[in-house]
Amino acid sequence: MTDLTNHQIVLRRRPTGLVDPDDVEAIATPAPEPAEGEALVRNTYVGIDAAVRTWLDDKPGYLPPVGIGEVVRAAGVGEVVASRCDAYAVGDVVTTLSAFQEYVIVRDDLFTTVIPGVVDQLAMLSVYGSTGATAYFGMTDIGKPQPGETVVVSAAAGATGSLAGQIAKIAGARVVGIAGGPEKCRVVTEEFGFDACIDHKAGDLEAALREHCPDRVDVYFDNVGGPILDAVLGRLNQGGRIALCGVISSYVTGEHPGPANYVQLLARCGTMQGFNTLNNWGRFEEAFTALKQWEAEGRLVHREHVYDGLDHAVEALNGLFTGTNIGKSVVKVSDPS
Ligand SMILES: NC(=O)c1ccc[n+]([C@@H]2O[C@H](COP(=O)([O-])OP(=O)(O)OC[C@H]3O[C@@H](n4cnc5c(N)ncnc54)[C@H](OP(=O)(O)O)[C@@H]3O)[C@@H](O)[C@H]2O)c1
């Protein structure tokens, strides 16, 4: 295997704000040989998750920071091309911590999952895998939407939000998205089937929430935190539930100034609960089965924003914070077999 070249994107210095192209370097190394208990995976698609940016800071999180000189960590999908590990056979399709590179060594651990049956590898990232599971766990375990309730989802045109809202629709709720700009709002209602969508760049968010959520908000699936969270807190219904999925408004600043309006949880007897998909990974098959069935029934629509080649990985990552993406941002690394 040593004749294979592994193109990689490594971290050279810690970014401040968006990732500067000079914060990383593209290098080429020989692909590693799997040792006993390891397998070699050829990455096909690498998912662009907001968490990737948080791993570049020198701060403790649920995974350690990426070290200077290390390959930028990211989750993806790929095919086993060599194996000295009982858990993986050549030809298996796996999701794993692929990182920004062409080849990755995997072991039999929590981070690598063999995908059962034949699946569309791109859809594995956009709907059946961890993105879909995040929407599924957050909405069903914490949001628990009931028929007729009002559910609000932020970053509604994005990967996680678009699925979370559709899962709430499947449960019979009335779903209002929040997204940046008229085109995104059009996609959220016309393609993802939300009942309404508020453009958070268009002005008075509180007034728009009053207009579109006349019965207040029973469930809020929060992808962004910051002022949008404060505005939705102000419209929470009695017994309202907030699923705290992410705080993308503060990942590039590194500051978490809120929520200022949390007293509304007291006034409305509301709850706000965070969750991490990794902690629920033991239930992967439950989420995978439900998501696959809904998609097959045409009840779960997904979109992918595909960047061609690792050279576009930084652009793709920054795009999550500037809001250029609709649906799941993915970098294509190589063709699936
Ligand atoms: N808890 C977990 O286990 C878990 C797992 C995966 C992801 N997440 C979280 O889920 C959230 C969404 O991630 P994703 O990968 O699905 O990304 P995404 O929604 O596909 O893309 C991010 C979107 O966030 C919006 N955004 C960015 N900065 C914003 C700001 N300052 N204010 C308001 N909106 C902003 C932009 O949409 P607009 O143009 O519409 O503003 C952007 O397109 C992230 O917070 C992420 O950390 C959590």
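No experiment lies behind these values; they were computed from the predicted model shown.

**Q** Would you mind going over the packing of helix H6 (residues 205–212) against helix H7 (residues 226–233) with me for this structure?
**A** Helices that pack against each other are described as a pair by the angle of their axes relative to one another and the distance between those axes. Direction vectors running N to C along H6 and H7 enclose 45°, while the axes themselves pass 9 Å from each other. Comparing their axes, H7 and H6 come out oblique. In this structure, H6 meets H7 at a crossing whose hand is right-handed. Contacts from Leu 205, Glu 206 and Leu 209 in H6 reach Ile 228, Ala 231 and Val 232 in H7. For the contact of H6 with H7, the class distribution of residues is 5 nonpolar, no polar and 1 charged.

**Q** Explain the domain arrangement of the chain here, please?
**A** In many reports, interface size means the accessible area that the parts give up when they come together. What the domain assignment reports for the chain is domain 1 (5–118 + 303–332) and domain 2 (130–278). Computed from C-alpha atoms alone, the centre-to-centre distance between domain 1 and domain 2 is 28 Å. Listed per partner, the contact involves 16 residues of domain 1 and 16 residues of domain 2. Of the residues contributing to the side of domain 1 that touches domain 2, the split by class is 7 nonpolar, 6 polar and 3 charged.

**Q** Help me understand the pairing of strand S3 (residues 38–47), please; the structure alone is not making it clear to me.
**A** Regular strands have side chains that alternate between both faces of the sheet. Burial of S3 is extensive: 9 of the 10 residues sit out of reach of the surface. Bridge count for S3 against strand S6 (residues 103–107) is 5 bridges, and the pairing is antiparallel. Bridge pairing in S6 places Arg 42 opposite Tyr 103. As paired elements, S3 and strand S4 (residues 76–83) share 7 bridges and run antiparallel to each other. What sits directly across from Asn 43, in S4, is Gly 78. As paired elements, S3 and strand S15 (residues 328–332) share 3 bridges and run antiparallel to each other. Residue pairing for S15: Tyr 45 is matched across the bridge by Lys 332.

How each quantity is defined
Residues numbered from 1 in each chain as written. Predicted model: local features only at pLDDT ≥ 70, side-chain atom pairs only at ≥ 80, totals over all residues. Axes fitted to C-alpha atoms, helices over the stretch in contact; angles between N-to-C directions. Helix = DSSP H or I, 4+ residues; strand = E, 2+ residues; numbered from the N terminus. Parallel < 35°, antiparallel > 145°, perpendicular 65-115°, else oblique. Left-handed = near helix turned anticlockwise from the far one by under 90°. Contact = placed C-beta atoms within 7 Å. Nonpolar A, V, L, I, M, F, W, Y, C, P; charged D, E, K, R; others polar. Domains from an automatic or database assignment. Buried ≥ 20, exposed ≤ 12 C-beta atoms within 10 Å, placed from the backbone. Pairing = 2+ DSSP bridges.

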